[in-house]
Amino acid sequence: MTSSSGQAAPTAPTANAMRRALRRARDGVALDAAEAAVLLQARGEDLADLTASAARVRDAGLEAAGRPGVITYSRKVFIPLTRLCRDRCHYCTFVTVPGKLRREGHGPYLSPDEVLDIARRGAAMGCKEALFTLGDRPEDRWPEAREWLDAHGYDDTLAYVRAMAIRVLEETGLLPHLNPGVLTWTDFQRLKPVAPSMGMMLETTATRLWSELGGPHHGSPDKEPAVRLRVLQDAGRSSVPFTTGILIGIGETYAERAESLFAIRRVQRAYRGVQEVIVQNFRAKPGTAMGGMPDAELEELAAAVAVARHVLGPAARIQAPPNLVGGEYAPLIGAGIDDWGGVSPLTPDHVNPERPWPQIDELAGHTRAAGFELRERLTVYPEFVRRGEPWLDPRLLPHVTALADPDTGLAREDATVTGRPWQEPDEAFTATSAGRTDLHRTIDTTGRTADRRADFDEVYGDWEALRESAAPGMAPERIGADVRAALATAADDPTRLTDDQALALLHADGPALDAVCRIADDVRRDTVGDEVTYIVTRNVNFTNVCYTGCRFCAFAQRRTDADAYTLSLDQVADRAAQAWEVGAVEVCMQGGIHPDLPGTAYFDIARAVRERVPGIHVHAFSPMEVVNGATRTGMSIREWLEAAKEAGLGSIPGTAAEILDDEVRWILTKGKLPAATWVEVVTTAHELGLPSSSTMMYGHVDRPRHWLGHLRLLAEIQQRTGGFTEFVTLPFVHTNAPVYLAGIARPGPTVRDNRAVTAMARLLLHPHITNIQTSWVKLGAEGAAEMLRSGANDLGGTLMEETISRMAGSSYGSYKSVRDLVAIAEAAGRPSRPRTTTYGEVPGERVRAAEASGGRLPELLPVLED
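A brief look at the structure comes next. (Residues numbered from 1 in each chain as written. Predicted model: local features only at pLDDT ≥ 70, side-chain atom pairs only at ≥ 80, totals over all residues. Heavy atoms only, no water.)

## Digging into helix α21 (residues 483-492)
Item 1. Among all positions of α21, only Ala486, Leu487, Thr489 and Ala490 are buried. Along the axis of α21, the buried residues cluster in a sector spanning 165°; they form a single face. Facing away from the buried surface of α21 by more than 90 degrees, the exposed residues are Arg484, Ala491 and Asp492.
Item 2. Looking at the buried residues of α21, the elements they touch are α22 (499-506), α23 (510-528) and α32 (751-765). (Buried < 20%, exposed > 50% of the residue type's maximum accessible area, 1.4 Å probe, protein only. Helix = DSSP H or I, 4+ residues; strand = E, 2+ residues; numbered from the N terminus. Arc of directions from axis to C-beta. Contact = heavy atoms within 4.5 Å.)

## Here's the deal with the layout of surface pockets
To find leftover empty space, a probe the size of one water molecule is rolled over the atoms.
Item 1. Approximately 490 Å³ is the volume attributed to the largest pocket.
Item 2. What lines the largest pocket is a set of 27 residues, among which Ala270, Tyr271, Ala465, Leu466 and Ser469 lie closest to the centre.
Item 3. Residue assignment for the lining of the largest pocket shows that the elements contributing at least two residues are α10 (225-237), α11 (254-271), α20 (463-470), α28 (662-668) and α30 (704-721).
Item 4. Among the elements that make up the lining of the largest pocket, the one with the highest residue count is α11 (six residues).
Item 5. Tallied by class, residues from the lining of the largest pocket come to 13 nonpolar, four polar and 10 charged. (1 Å grid on protein atoms, 1.4 Å probe; cavity = no way out; pocket = protein on both sides within 12 Å on 5 of 7 lines; lining within 4 Å. Points joined across faces, edges and corners; volume = space filled by probe spheres on them. Nonpolar A, V, L, I, M, F, W, Y, C, P; charged D, E, K, R; others polar.)

## Some words on the pairing of strand β5 (residues 242-248)
Item 1. For β5, a buried count of seven out of seven residues is recorded, marking the element as mostly surrounded by other parts of the structure.
Item 2. Residues Phe242, Thr244, Ile246 and Ile248 line one face of β5 and the alternating positions Thr243, Gly245 and Leu247 line the opposite face, and both faces are buried.
Item 3. Examined bridge by bridge, strand β4 (residues 197-199) and β5 share two bridges and lie parallel to one another. Opposite Gly199, over in β5, you have Thr243 as the bridge partner.
Item 4. In this sheet, strand β6 (residues 274-281) lies alongside β5 in parallel orientation, the contact comprising seven bridges. When the sheet's bridge partners are listed, Ile248 is paired in β6 with Asn281.
Item 5. In this region the chain leaves β5, passes through α11 and returns to the parallel neighbour β6; the handedness of that crossover is right-handed. (Pairing = 2+ DSSP bridges. Right-handed = clockwise from strand over helix to strand, strands pointing away.)

## Re the environment of Tyr698
Item 1. Inspection of the secondary structure puts Tyr698 in strand β16 (residues 692-698).
Item 2. Relative accessible area serves as the criterion here: at 0%, Tyr698 is assigned to the buried category.
Item 3. Every residue in contact with Tyr698, bar those within four places of it in the chain, is listed here: Trp707, Thr729, Leu730, Pro731, Phe732, Pro749, Asp753, Asn754 and Val757.
Item 4. Within the local environment of Tyr698, its side chain forms a polar contact with the side chain of Asn754, the two groups lying 2.7 Å apart. (Polar contact = N/O pair within 3.5 Å; in protein donor to acceptor, adjacent residues only side chain to side chain.)

## With respect to the nonpolar core
Side chains of nonpolar character tend, in soluble globular proteins, to be buried together.
Item 1. Among the nonpolar cores identified, the biggest contains 130 residues, and Met589, Phe621 and Trp678 are the most heavily contacted of them.
Item 2. It is α32 that provides the largest number of residues to this core, a total of eight residues.
Item 3. When near neighbours in sequence (up to four residues on either side) are disregarded, Trp678 contacts Pro623, Gly654, Thr655, Ala656, Ala657, Leu660, Leu673, Leu714, Ile717 and Phe724.
Item 4. Of all hydrophobic cores here, the second largest spans 125 residues; its members include Ala21, Leu169, Tyr381 and Leu403. (Core = buried A, V, L, I, M, F, W, Y, C linked by side-chain atoms within 4.5 Å.)

Treat this as a map of the structure, not an account of what it does.
Written as structure tokens, this is what we have:
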């Protein structure tokens, strides 16, 4: 006997197990996966008991959301942008092949005219959502798709999706909801500015259905559960309101079905970006490999909806497609749904074309008969409409607010659906300054307004889930490798250190650590000599408004926070000019990821500085800012960097690296670029002749094995590109860091950690990265001098202003004079000299200007008219 899941019928749960699970559901006790699997098999009276408790949970959630008794839907059109796909799902009739499309008179993709025709007709019928559905990356499988994209000027399918979404916004007013399949973190950055919401069904976490021959997802690279879960996580990290769901009856067991729901819950707990969960029943389609499979029955669907409601909780928005239930609406309402999904008065369900949508009036009547009111929502759910930033890109806000009820966040059913310009925000960002623009000065006197942002409990994700992930990093490790042998290898030839030996030395303490530091100092002397270098530079952090959600960062503010500020272009250029007057050879510029920041603003900033101070080197824009600029402009990373170089950019800081291991990165940050993207940015910059620094922030939730992996990766990149000018050690400043205030991170590195990291950086990066920089901002003068005795040879810069570390709680000031830096070198028993960004000789005129002023600005920074 087989069940509708296609598996041998599972052993039915015992009556006692069912009674216990039902009781826990009725009592509102959290279910575990085993209990959920039991309840998925509830039928008859047990199912009635289960659905009744699930409905109560749903009703409580609607009450809390401010819309009791309301079930929602979205009035949409379905735009099948392409029916080609690189996957081979065994139940799908949406996907086809190029030959069949040709015989039917269709191209590989809908043309822009076809897309806009559908959207315009939908707008005329009052639709507000344009659902873009398409196959995954068809150009990877079908030459015809690649040829079409090349002929029409698109790099890939997603570039065409982005272009069509903009045209739909501008020419029809419909709000795009994008279902392009598997996306990377970078893809989300490209598409977020053009779509209020996106989606992808998880379907199942049962890996065997993908990996085993004959499974429904076998031969489909994009259906690997781990890949799809990563998409859900990247959507959350990118603050994209995201739709996902499960597909029941494709061969999964009840335990696997339960695990799929728990996997969605884990993602939602961590990122709070899942806007709705679809519980969809499998419907067999003739002509497919699974055409003979039985459909998932109505009771099975109702049980799955009810269990989803109990597992995901009252705040979850749970949907069942109304065209797949054969008119049996009441059981699903009774099981706990609160949404019917998108319903189109114009276009068919191209994924299930044999199942027409119900008429909206008919759906409203059935909903009313069950005691609920049917209300229209937008493609983005009301909760996210009300949240605003960072969930809605500023370029989309005019489009969304034109259609949203300001009180409820639901759709204004009487709204006029008409095209509106999709454009960068007005010139407010670069034309005028705003906020606490004297923060770089008053942070050392007045200090912070508060020790944390007002949205501390929401913006960073779920702290409890993070504690579970970070727990291993809080416990000490024990390494049993032979330290003596490792020291001997390091002294003889550090390039021959094995990973086990390197880890042993990274854990060294006492006399062993002293020996490591002596060896590192000897290598430093043999490699770069005794001179300690420094640079006369000025930091300019042009804005601290940022919604990325880095949990280690105390610098980022919301635009409405008391400590928020944004500099104008004139103010940025003025600060560079001031620095030049006192001997600077470089200006280092970085800022928060301001939601109003156009992708071209970075070019304007670089150009403004070079026009005002032609001789100064522009060292600016972290890899995160590079990606932000590229995705906002629709340019590739290479194209954007080329344009930035033309505007005056001379090199980039290798910040935003933190630890180049995503295991650590996703604890430290909610939305920053993945390690692989950081590597892509810096290697592309190097290929274009833009050198960069390299950095590592340590002492939080990391461990020595992460330091080792990070340093090995930097050495490997340097061997390929030769583009790193130095390695900068960045000890974690914990005092005001959110991840520390939440009780997750350690209180920064110890003195032992600082010495070990500096010494081992010298040894592990030898002979590829020859300059090792220590941070006086984070360690103070005495700490920096100690690092100079442990393998470092560079003190960084005068800075003149520094707000990032000071906002985090560093107590070592915001600037050092040339004399201060020389004194640090002297404390280490070493001579010193100024340098350029690339460690060259400083022109005599610059040296004299710096000596005359001490490399510091006059008191009461800045000399600006606010």
